[in-house]
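One letter stands for each residue in the lines below.
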Amino acid sequence: MIHSDRILMGPGPSNPYPEVMEAFARPVLGHLDPEFISLLDETNDRLREVWQTKNALTFPISATGSAGMETSFVNFISPGDEVVVGVNGVFGNRMCDVASRAGAVVTKVEEDWGRAIDPERLLTAHPNPKMIAVVHAETSTGVRNDIHDLGAGKGDALLLVDCVTSLGGIPVLIDEWAVDIAYSGTQKCLGVPPGLSPVTVSDRAMERLVETPQSWYLDLNMIKDYVTGDGARAYHHTAPISMLYALHAGLGVVINEGLQQAWERHQSCGDELHRCLPELGFDLWAQEGHRLPELTTVSIPDGLDDVEGRQHLLNRYGIEVGGGLGPVAGKVWRIGCMGHTAQMRNVKMLLGALEELTAHLR
Ligand code: PLP
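Just so we're clear, the structure is a prediction, and the values are computed from it rather than from any experiment. (Residues numbered from 1 in each chain as written. Predicted model: local features only at pLDDT ≥ 70, side-chain atom pairs only at ≥ 80, totals over all residues. Heavy atoms only, no water.)

Description of the site of the ligand
Around the ligand, 13 residues are found, and the nearest of them are T64, S66, T139, D162 and Q187. Taking T139, its side chain carries an N or O atom lying 2.4 Å from an oxygen atom of the ligand. Side-chain polar atom of K188 to an oxygen atom of the ligand: 2.9 Å apart, as the coordinates give it. With the chains in place, 87% of the 390 Å² that the ligand exposes on its own is no longer accessible. Among the elements of the structure, α3 (65-74) and α4 (90-101) are those that each provide at least two residues to the shell around the ligand. Its residues assigned to classes, the shell around the ligand shows four nonpolar, six polar and three charged. (Near = heavy atom within 4 Å. Polar contact = N/O pair within 3.5 Å; in protein donor to acceptor, adjacent residues only side chain to side chain. Areas by Shrake-Rupley, 256 points an atom, 1.4 Å probe, with all protein chains shown as cover. Helix = DSSP H or I, 4+ residues; strand = E, 2+ residues; numbered from the N terminus. Nonpolar A, V, L, I, M, F, W, Y, C, P; charged D, E, K, R; others polar.)

Looking at the state of the cysteines
Within the structure shown, the criterion is met by zero disulfides. Lacking any disulfide linkage, C337 is separated from the closest cysteine sulfur, that of C269, by 4.2 Å. (Disulfide = S-S within 2.5 Å.)

Considerations on the domain arrangement of the chain
Per the domain assignment, the segments making up the chain are domain 1 (7-13 + 258-361) and domain 2 (18-256). With both sides pooled, the region where domain 1 packs onto domain 2 buries about 2300 Å², and carbon together with sulfur makes up 64% of that total. Across the domain 1-domain 2 interface, the total number found is zero salt bridges. The tally of links between domain 1 and domain 2 comes to twelve residue pairs in polar contact (both at pLDDT 80 or more). Of all the secondary-structure elements, those providing two or more residues to the side of domain 1 that touches domain 2 are α10 (259-276) and β11 (295-299). Its residues assigned to classes, the side of domain 1 that touches domain 2 comprises 14 nonpolar, nine polar and three charged. (Domains from an automatic or database assignment. Buried area = accessible area lost by both parts, 1.4 Å probe. Salt bridge = Lys/Arg side-chain N within 4 Å of Asp/Glu carboxyl O.)

Written out as structure tokens, the structure is:
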């Protein structure tokens, strides 16, 4: 049986906005139907607004955030290219793996998990890299890496930013920060189920598009005409129509609320968690000044079992929180507050449940 009353407060999917679930029930159009094409165009316009960009090539890849990551490397990296990657968690490491498979020579700039990467270290790691890549919001640690200085100091390099857990939740200013390539996912702060990866690419990056990337499906040379409408809207692959309806609706909710208001809603939920969790014995784990409001990491108090504790929250309250990944498995919890889940009532319910869970420790 599938429980329909879960409160998803983990690092994975947030609860979708109700408008998004309604969108899934709409009649399915063909992927070349003019009505669908105009919905796709409108979705891309909405994405431009949420990304804060004028980039012509802004659209959702038909696959999850990892496909956005892969698209961002294979289309701009040729074997032997030098790439600097910031690594302070799981997803920075994944970037290194993807870049290496595209043939890049990777210079890793590592920082302790739980701490932010100093932008200066990324800018000085290599004298002339083809690309500098970093995760904006590290979902494995709850840390925000700052992007602004990277755009200002990138020189000739392309700047690639993973915005899977930041888009819609905290400011992401693609044009102002001079980001060249960015990708996200639908399932986090956009409040849409998993399945698509919004990407945006600057004109500067498009001038350096690899002629024959090492992927057929993710080759932007082929996809771009269908999504921008510059050429014929010829068949490339069968677009996942219902997922696109859902993204269109989710973006509509964010834009109707106001992007600034959506950021503030995430921030106030995060602030409340950050204020109250230590009082319950859950020390904040991520570096102060770089804590994400949408993903809070806490140390598990002594005397509380990682698995049993999370199981109790799920079974008794229907609240899912995430465990630690890799080296911090069993040591930290990851509490998501994203998209439609980022509501004060969910925060209060979680805090109440944690109070009960830890009563025997006080
Ligand atoms: N990058 C970050 C920062 C993520 O948090 C995730 C997923 O959680 C990904 C990339 C990969 O996205 P997906 O699981 O949608 O493929």
